[in-house]
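# Working through the structure, step by step
So you can see what is in the structure, the chains are spelled out below.
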Amino acid sequence: MSLTPSPHCSANDIRRALTILMPSIEPYWKMPLKNYAAAAYDLRRQTTSITARDQAMRLVQTMVERAAQKAGYGPDDARSASLELTASPVLQTGPHCLLLFEPDAFYTHLFSLMGLQSSGRRWHVTYAGSTMSFKESAKKGPGWLRLEGEALNLFGLPRSRMDGRSICCPDGPYQFVLSNSAGTKAPNGSAKRLLTELPPAPSPSAAEAIKVANDKLWRSHFGSSTNLLQIDDFDVASLIADHLEDPTSWLSEFFIAEARTALLPNAIDRLNEGPWRGWVRRTTDYFWYVGPERVLPLVLDEGYLRSVASPDITVKFSPHNIASAIRDRKLLPTLFLAFLVLSILPGIRALGGCRQPVYLPLLRYLTAVCVERSSDGDLLTVLQDDDYPGMWGHRVLRPTGGDPFHDVEVSGGISTLLEIYGSIPLFEASGDLASFTGDILWAEMSKHLAYGEIKFSSAEWKWSGVESAAGDEFARFMARGRL
């Protein structure tokens, strides 16, 4: 069975599109991967100080310290994590909530570690999004791990316990099993060795089980020079509640304005009427509702967030009521709200995957639309002055047939892998870019760029953080026609 989708365009189409959208990447294609990783993590906090951004960063610091202490770090270590992120505001947002040895996660963590070491950082802060569901094609995703060529079910769950269920829901207990399709527990040598390293205690949700396991695996395999801190959607939701409980917060004022006249849902709908269609989907309004087994979409209707599927689920759309529902662990944020409080408002660079190089600038555009209503000219100015607030930083390293657990065992450790992969040119390290070429949105983007239907002069793209010289880069690459 094929593990990758059929291509809709070529790898060269993707490299060309990425270079047009992010001109600064051009010299790195032929450089060692570690050079690009160093550039991705090379960011210092803006010296410009405005109230909305400073407050947003202070709340991120509080959230980071809270998450670090929850993960078992002491107050001093937790404080050092928040101060480091403030000084060098770069956050990995790509792997989501996947077990450390899942290839999509592992090789991204290696990439991040290259960048972190180049800048002398001690903390790897990553947003492990957890609203995803178990079910993915070809037995991939948060419920699976492939070892020695065999797809293993992390928790030994039957299909009835996986189809449509969200990994963040507290419907456990969840305990690691690593079983194959025949139900055999740890059926090969790699599985047996890994199972001894995974936490034996059950967890209330699959997401929590994976987070705890990743902490343990990171400490044993990645050493003590760099600490891992995983921020999940409940952490981000609590950060939003912190904003909403402060009446001076820009976000609190935004929600009050939205309750009077909803601007955001209509702006997303308009975005999907043109060439940017599909990059920012309106699957729910503002938040997801956390049900017993899955997260449910909500719609804003007459001053309330309501579930269409379950009419009894309603939350009054006010800062106080939303914050209260968040504290009760009933609401989780949309992609827009998560990136708003983690990246856009505080000015933190997000390193993401295949779609983020496009959707993050669009989320920033939507933010600008909302900021314009609030007449906060200072915030608009700093948003426009941000230096590459989003960069490609997930699925950058794609070894052919890579098996992370085998890689670690054969190589002798992470430091050897960093040396091996870090020396490979980005062009080669990124492989066939199957995650891009198999995505119809990227095929459409390539055509939009070729036909001039998407331009740097577009109102939506000016919030990408790409320099004004990008227009010249665009013209040059269009004239060249290929990399």
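This section reports on the structure supplied with the text.

## Some points on the pairing of strand β6 (residues 287-290)
- Neither face of β6 is exposed, since Phe287 and Tyr289 on one face and Trp288 and Val290 on the opposite face are all buried.
- Pairing of β6 with strand β11 (residues 331-333) involves three bridges; the strand directions are antiparallel. In the sheet register, Phe287 faces β11, and the bridge partner there is Pro333.
- Relative to strand β7 (residues 295-297), β6 runs antiparallel, the two being bridged by three bridges. By the bridge assignment for β7, Val290 is matched with Val295.

## Considerations on the pattern of salt bridges
- With the rule as written, the count across this model stands at 21 salt bridges.
- Close ionic contact of Arg121 with Glu84 constitutes a salt bridge, the shortest N to O distance being 3.5 Å. Highlighted residues: Arg121 in the loop between α5 (103-118) and β2 (123-127) and Glu84 in helix α4 (residues 75-87), separated in sequence by 37 residues. Across the pair, exposure class does not vary: Arg121 and Glu84 are buried alike.
- A single salt-bridge network, built from bridges that share partners, covers Arg66, Asp242, Glu245 and Arg327.

## Re the side chain of Ser88
- Mapped onto the fold, Ser88 is located in the loop between α4 and β1 (90-92).
- Since its relative accessible area comes to 2%, Ser88 is described here as buried.
- Separated by 3.3 Å, the side chain of Ser88 and the backbone oxygen of Leu43 make a polar contact.
- With residues up to four places along the chain from it excluded, the contact list for Ser88 reads Tyr41, Leu43, Arg44 and Arg121.

## With respect to helix α8 (residues 233-244)
- Its twelve residues place the ends of α8 16 Å apart at the C-alpha level, agreeing with the 16 Å of an ideal helix rising 1.5 Å per residue.
- In terms of residue burial, α8 counts as a mostly covered element, since twelve of its twelve residues are buried.
- All buried positions along α8 are accounted for by Asp233, Phe234, Asp235, Val236, Ala237, Ser238, Leu239, Ile240, Ala241, Asp242, His243 and Leu244.
- Sitting at the head of α8, Asp232 places a side-chain oxygen 3.0 Å from the backbone nitrogen of Phe234.

Cut-offs and rules
Residues numbered from 1 in each chain as written. Predicted model: local features only at pLDDT ≥ 70, side-chain atom pairs only at ≥ 80, totals over all residues. Heavy atoms only, no water. Buried < 20%, exposed > 50% of the residue type's maximum accessible area, 1.4 Å probe, protein only. Helix = DSSP H or I, 4+ residues; strand = E, 2+ residues; numbered from the N terminus. Pairing = 2+ DSSP bridges. Salt bridge = Lys/Arg side-chain N within 4 Å of Asp/Glu carboxyl O. Polar contact = N/O pair within 3.5 Å; in protein donor to acceptor, adjacent residues only side chain to side chain. Contact = heavy atoms within 4.5 Å. Expected span 1.5 Å × (residues − 1).

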